[in-house]
Amino acid sequence: MILRPVANLRPGAFLLRHNRPLWHSSRLFNVRLQSTSHQPKEPIDENVHLRARLSPVKEDAKGNFSEVMRLLKLARPELWPLLGCSGLLALSSAVSMTVPFSVGRVLDIASGANESGTIFGLTVNQFYGGLIGVFVVSATASYFRTVFLRIIGERLITRLRSKLFKKAITADAEFYDANRVGDLISRIGVGTSIVSRAITSNLADGLRAIVSGSVGFAMMIYTSPQLTMYMMLIIPPVAAAAGLYGRRLRAIARKTQTLIGNLTKVTEERLSNVRTTQAYSSESKELHAYNSSVRDIFNLSKKEAHLSGGFYGFTNFSGNITFLSLLVIGSNFVSTGAISIGELTSFLMYAVYSASSMIGLTSFFSELMKGAGTATRLFELLDYQPAIHETKGIHIPPAHRGSVTFDNVRFAYPTRPSNNIFNGLSFSIQPGSNVCIVGPSGSGKSTVASLILRFYDPVSGSVLFDGMDIRNFNLRNYRRAIGFVSQEPVLTDDTIAANIALGKPHAKRWEIEAAAERANCGFVKNFPNGLDTQVGVRGSTLSGGQRQRVAIARALIRNPSILLMDEATSALDTESENAVNDAMSKLMTSHSTTIIAIAHRASTIRRADRIIVLSTQGTIAEDGTYAELMAKNGVFKQLMSSPTAPSSASPQ
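Note that the structure is a prediction, hence the values are computed from the model and not measured. (Residues numbered from 1 in each chain as written. Predicted model: local features only at pLDDT ≥ 70, side-chain atom pairs only at ≥ 80, totals over all residues. Heavy atoms only, no water.)

Participant: Explain the pairing of strand E3 (residues 404-411) to me, using residue names and the numbers behind them.
Facilitator: In this sheet, strand E4 (residues 422-429) lies alongside E3 in antiparallel orientation, the contact comprising 6 bridges. What sits directly across from Thr 405, in E4, is Ser 428. The pairing of E3 with strand E6 (residues 460-465) spans 5 bridges and is classified as antiparallel. By the bridge assignment for E6, Phe 406 is matched with Val 463. (Pairing = 2+ DSSP bridges. Helix = DSSP H or I, 4+ residues; strand = E, 2+ residues; numbered from the N terminus.)

Have a look at this one:
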């Protein structure tokens, strides 16, 4: 199974990463608004089977039927409105089917075959007037049917997209390791529209074809059973062709949606990293990658065009030959007096209506297969059950203190199960302490934060919060006790106040202002709109230090028991770093929050009460205060004494 990790690198992140010393850790995940995307530090083993990987379902007849039935069940909440639309549709279709009968009767009067000169006891002019009235009723029914179907379709899309987005936003980190964000966007955006069309307007078209075809066929039998027998000869070959066409079209529809998902992924990645692309003059390469994805969709669309052209060409030819045969045979019947000229005209019009209905049914069937092929991809997402459930478990104790314990933790990422990050890692962090975690690249510093936040569960061992295994907690409730600041904080395209309030929904204005003050966000006073200043896409109107302080305010507004800092100052200049450190100093003096900093900046490391040094073997190499570890002349001193080790005065 091919695994393609999603790359959500911030523009310029590549340059930053390569300007850092070799022993520095790269971030293992990006935290976006209400979602997390884990980025492995090394290529994913393509032979690894991931439970969270969304993959196509096998093609078989049973699957076809079950998926079509499940597709139709999506419309169950709209059952009564759909039945109402069906009634309106039946009314307008029945009116349409009176036209051939009326034409036949009028022609019989004109040709003298009807000597009474009346139709249903009405004169021709009276009959015309009544027919106009019936047409008005039909037009009114068509109007309300179209309006109601459009509303039902939009309501269905809205509900389906909401369910899919809820599934995606609550999925665990393993899910985002295994699936591409672009593909998910395609499923939620394009896929829902296709599915909605398949079970609303397409279903109505199919019902209209059934009603028109049934009424037309019945009237053909009523008019001339002998001609109807000849008409039925076309049904078996067309039905067989429709079945083959539908199966192949369904497979093409599924492949097309997969390729569209890939195109969305390519577009999202390339445009998100446009500055890095331009910095390395890689525009031609990225354009080639995009064009390659577009070409794949085009080639598949050509295949669908040839398939559809062949099918509709066959049905068109069959229908025309049948019509010609009926005309020849019917003319002989008229010459022998078996039927009148009006009856032949009515029969031929009913034959055309029935043939159109048959083509409409095949079109309905093909669109239904398209919808089923697309719905399969939606059902995969709807059926996904995360290994880590957010809402199951007990709430953390109200009087929680914020201690953290790793008890003999063994861990490997699902994408690299054979590569253990931790092998029996054990340590305890006391409430209110300031602990710094350091180590060479690949030692698992950021993985510590991932496990504390419970983006993943250990393979064995446990992570404890105030002495209790965090797997027992309601995850949403547990995470409310944690504030998290990443190396590259992501801000939404909203105001500074709104971005701070993300840490505590429904926060009052004074709480936002207090959090901004604690985080040293004094720069907002220089803005005309203060906290109501728009930050732009991903906070583009703010400097790196300003974005970082807004992220710190976002973490502090929830008054967390634990504050996780994942290299929060690694990319800042001296002035910005000092402002962030001042904010942290205020927090440290209160001892009300346990601070766990994953860092490599010397200034951050020196200020820690305790330093835990991780080894590349997945264990603790050293543990102690800054002075104690420097006196040991061990691993930590070697890291700090390295020519590439950072100083507190130089930005990385």
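Anyway, onward from the coordinates.
Participant: Any details on the nonpolar core? Residues and values, ideally.
Facilitator: Membership of the largest hydrophobic core comes to 37 residues, with the highest contact counts inside it found for Phe 406, Phe 422, Ile 452, Tyr 478 and Leu 564. Dropping the residues within four chain positions of it, Phe 422 is found in contact with Val 409, Arg 410, Phe 411, Ser 443, Gly 444, Thr 447, Val 448, Leu 451, Leu 614 and Gly 618. Membership of the second largest hydrophobic core comes to 33 residues, among which are Val 68, Leu 89, Ile 152 and Ala 375. (Core = buried A, V, L, I, M, F, W, Y, C linked by side-chain atoms within 4.5 Å. Buried < 20%, exposed > 50% of the residue type's maximum accessible area, 1.4 Å probe, protein only. Contact = heavy atoms within 4.5 Å.)

Participant: I'd like a rundown of helix H17 (residues 509-518), residues and numbers included.
Facilitator: Of all the residues in H17, the buried ones are Glu 511, Ile 512, Ala 515 and Ala 516. All buried residues of H17 lie within an arc of 135° about the axis, which places them on one face of the element. Facing away from the buried side of H17 by over 90 degrees, the exposed positions are Trp 510 and Glu 517. On its buried face, H17 sits against helix H16 (496-501) and helix H18 (544-556). (Arc of directions from axis to C-beta.)

Participant: Tell me what's going on with the sheet that holds E6, and back it up with residues and numbers.
Facilitator: The strands that make up a sheet pair up through hydrogen bonds in the backbone, lying either parallel or antiparallel. What the 4 strands build is an open sheet, ordered E4-E3-E6-E7; its pairing is antiparallel. The open sheet has two edge strands with one neighbour each: E4 and strand E7 (468-469). Of the strands in this sheet, E3, E4 and E6 touch helix H14 (residues 445-452), which is tilted by about 110° from E3. (Axes fitted to C-alpha atoms, helices over the stretch in contact; angles between N-to-C directions.)

Participant: Lay out the pairing of strand E12 (residues 620-624) in plain terms, naming residues and giving numbers.
Facilitator: Look at any regular strand and the pattern is simple: side chains alternate between the two faces of the sheet. One ladder, built from 4 bridges, connects strand E11 (residues 610-614) with E12; its direction is antiparallel. Bridge pairing in E12 links Ile 612 to Asp 623. Between E11 and E12, which pair antiparallel and follow one another directly, the connecting turn spans 5 residues, one of which, Gly 618, has a positive phi of 85°.

Participant: Now, about the packing of helix H8 (residues 201-223) against helix H13 (residues 341-383): what can you tell me, with residues and values included?
Facilitator: Put simply, H8 and H13 touch, their axes get as near as 8 Å, and they point 150° apart. With respect to H13, the axis of H8 lies roughly antiparallel. The two elements H8 and H13 meet at a crossing, and its hand is left-handed. Contacts between H8 and H13 involve Asn 202, Leu 203, Gly 206, Ala 209, Ile 210, Ser 212, Gly 213, Gly 216, Phe 217, Met 219, Met 220 and Thr 223 from the first element and Glu 343, Phe 347, Tyr 350, Ala 351, Ser 354, Ser 357, Gly 360, Leu 361, Ser 363, Phe 364, Glu 367 and Leu 368 from the second. Grouping the amino acids of the contact of H8 with H13 by side-chain chemistry returns 12 nonpolar, 10 polar and 2 charged. (Parallel < 35°, antiparallel > 145°, perpendicular 65-115°, else oblique. Left-handed = near helix turned anticlockwise from the far one by under 90°. Nonpolar A, V, L, I, M, F, W, Y, C, P; charged D, E, K, R; others polar.)

Participant: Give me the lowdown on the pattern of salt bridges, citing residues and values where you can.
Facilitator: Charged atoms that come close allow side chains of opposite charge to pair. All chains considered together, the criterion is met by 6 salt bridges. The shortest N-O distance in the salt bridge between Asp 457 and Arg 454 comes to 2.8 Å. A salt bridge links Glu 511 to Lys 504, with the shortest nitrogen-to-oxygen separation between them at 2.4 Å. With relative accessibility at 29%, the residue Lys 504 sits in the partly exposed group. (Salt bridge = Lys/Arg side-chain N within 4 Å of Asp/Glu carboxyl O.)

Participant: For H14, give the residues involved together with the corresponding values.
Facilitator: Within H14, 8 of the 8 residues are buried, leaving the element largely enclosed by the surrounding structure. Buried within H14 we find Lys 445, Ser 446, Thr 447, Val 448, Ala 449, Ser 450, Leu 451 and Ile 452. Trailing H14 by a residue or two, Arg 454 shows a phi angle of about 55°, which is positive.

Participant: Give me the lowdown on the sheet that holds E12, citing residues and values where you can.
Facilitator: Spatial ordering of the open sheet is given by E8-E9-E10-E5-E11-E12, a layout of 6 strands whose pairing is mixed. Where the open sheet ends on each side, the last strands, each with one partner, are strand E8 (482-485) and E12. The sheet shows a mean angle of 15° between the axes of neighbouring strands, direction not considered. Of the pairings in the sheet, the one linking strand E5 (residues 434-438) to E11 comprises 4 bridges and is parallel in character. Each bridged residue has a counterpart across the sheet, and for Ile 437 the counterpart in E11 is Ile 612.

Participant: Any chance you could break down the UniProt feature "transmembrane region" (unreviewed entry) in the protein for me, citing the residues and the numbers?
Facilitator: This chain's UniProt record puts "transmembrane region" (unreviewed entry) on residues 79-107, 127-153, 206-223, 229-246 and 347-368. Counted over residues 79-107, helix gives 97% and strand 0%. Its end C-alpha atoms are 43 Å apart. What you have in residues 206-223 is 100% helix and 0% strand, and the ends, taken at the C-alpha atoms, are 25 Å apart. (UniProt positions renumbered as here; feature names shortened; annotations may be inferred.)

Participant: Tell me about the confidence of the model for the protein, residues and numbers included.
Facilitator: Reading fine detail from the predicted coordinates is not recommended where pLDDT is low. This prediction gives the protein a mean pLDDT of 76; 82% of its residues lie at or above 70. Ignoring residues within four places in sequence, the model shows residues 1-49, a span with pLDDT below 50, making 137 contacts including any to other chains. Ignoring residues within four places in sequence, the model shows residues 56-63, a span with pLDDT below 50, making 10 contacts including any to other chains. (pLDDT = per-residue confidence, 0-100.)

Participant: With reference to specific residues and values, describe the packing of helix H12 (residues 283-336) against H13.
Facilitator: Each pair of packed helices can be described by the angle between their axes along with the distance between the axes. Their axes nearest at 10 Å, the elements H12 and H13 cross at an angle of 165°. Considered as vectors, H12 and H13 are oriented roughly antiparallel to each other. For the pair H12 and H13, the crossing hand works out as right-handed. Residues Glu 304, Phe 311, Tyr 312, Phe 323, Leu 326, Leu 327, Gly 330, Ser 331 and Val 334 of H12 form the contact with H13, whose participating residues are Ile 341, Leu 344, Phe 347, Leu 348, Ala 351, Val 352, Ile 359, Thr 362, Ser 363, Ser 366 and Lys 370. In the contact of H12 with H13, the residues fall into 13 nonpolar, 5 polar and 2 charged.

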